[in-house]
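Architecture at a glance
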Amino acid sequence: QVQLVESGGGLVQAGGSLRLSCAASGRTFSSYTMGWFRQAPGKEREFVAAISWSGINTLYAGSAKGRFTISRDNSKNTMYLQMNSLKPEDTDIYYCARDYAGGWSKASGYDIWGQGTQVTVSS
């Protein structure tokens, strides 16, 4: 069974940067599109970015485009989210997930989720 573990969250000032990592156990990581989502308490989970199994194709939410970069290293079973120019509204719990059903930006297509990592951006 594949497990996903996020890390790299923390507290940062507005305008700062963070790099999130998502480490996957198991040998099927490289076969799947992977994605990042975020969620605040009481709100729906929101798509951030996704990357194809090869790393060639990526998709970003409008709020992330130009500021965030998704990447992956299949040799390390790890996906990353480089977040620059962070804003207070980026404060959320960030989750990585495996896209099982070709969902890309739709959370319903993802079947395995990590436990999340908290990102807090102060103004």
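Residues numbered from 1 in each chain as written. Predicted model: local features only at pLDDT ≥ 70, side-chain atom pairs only at ≥ 80, totals over all residues. Heavy atoms only, no water.

**What about the environment of Thr-69?**
What counts, and what does not: Helix and strand definitions follow DSSP, with helices as H or I runs of at least four residues and strands as E runs of at least two, each counted in order from the N terminus. We call two residues in contact when some of their heavy atoms are within 4.5 Å.
Inspection of the secondary structure puts Thr-69 in strand β7 (residues 68–73). Spatially, the C-alpha atom of Thr-69 lies 17 Å from that of Glu-89, the residues being 20 residues apart in sequence. The contact partners of Thr-69, leaving out residues within four places of it in the chain, are Tyr-60, Tyr-80, Leu-81 and Gln-82.

**Some details on the side chain of Asp-90**
For clarity, the threshold we go by: Partly exposed residues are those whose accessible area sits between 20% and 50% of the maximum for their type, while under 20% is buried and over 50% is exposed, using a 1.4 Å probe and protein chains only. Definition of a polar contact: a pair of N or O atoms within 3.5 Å, with one able to donate and the other able to accept a hydrogen when the atoms are protein atoms, and with sequence-neighbouring residues admitted only if both atoms are side-chain atoms.
Considering the arrangement of structural elements, one finds Asp-90 in the loop between β8 (78–83) and β9 (92–99). You can call Asp-90 buried: its relative accessible area is 1%. Among the polar contacts made by the side chain of Asp-90, one reaches the side chain of Arg-38 at a distance of 2.9 Å. Filtering out sequence-adjacent residues up to four positions away, Asp-90 remains in contact with Arg-38, Arg-67, Phe-68, Ser-85, Val-119 and Val-121.

**A closer look at the pattern of salt bridges**
As a reminder of what qualifies: Throughout this description, the term salt bridge denotes a Lys or Arg side-chain nitrogen within 4 Å of a carboxyl oxygen of Asp or Glu.
Within the structure shown, the criterion is met by 5 salt bridges. Asp-90 is paired through a salt bridge with Arg-38; the nearest N and O atoms lie 2.9 Å apart. With Asp-90 in the loop between β8 and β9 and Arg-38 in strand β4 (residues 33–39), the pair connects residues that are 52 residues apart, well separated along the chain. As a salt-bridge pair, Asp-111 and Arg-98 come within 2.6 Å of each other at their nearest N and O atoms. Of the two residues, Asp-111 sits in strand β10 (residues 110–113) while Arg-98 sits in strand β9, which places them 13 residues apart along the sequence. When its relative accessible area of 10% is taken as the criterion, Arg-98 is described as buried. Three or more residues joined by partner-sharing salt bridges are found here, namely Arg-38, Glu-46, Arg-67, Asp-90 and Asp-92.

**Quick look at the packing of aromatic side chains**
Rules: We call Phe, Tyr and Trp rings a pair once their centres come within 6.5 Å, taking the six-membered ring for Trp, and we label the pair stacked below 30 degrees between planes, edge-to-face above 60, and tilted otherwise. Here, a charge over a ring is recorded when the distance from Lys NZ or Arg CZ to the ring centre is within 6 Å and its angle to the ring normal is within 35 degrees.
Inspection of the entire model under this criterion finds 5 aromatic pairs. Ring geometry for Phe-37 against Phe-47: centres 5.6 Å apart, planes inclined by 70°, an arrangement best described as edge-to-face. Taken as a pair, Phe-37 in strand β4 and Phe-47 in strand β5 (residues 46–51) lie far apart in primary sequence, 10 residues in all. With respect to burial, Phe-37 and Phe-47 carry one shared label: buried. Aromatic pair Tyr-110 and Trp-113: ring centres 5.9 Å apart, planes at 50°, arrangement tilted. Taken together, the ring pairs connect Phe-37, Phe-47, Tyr-110 and Trp-113 into an aromatic cluster. Here the guanidinium or amino end of Arg-19 rests over the ring plane of Tyr-80, the centre of that ring lying 4.0 Å away. One Lys or Arg, Arg-72, reaches over the ring of Phe-29 and ends 4.5 Å from the middle of that ring.

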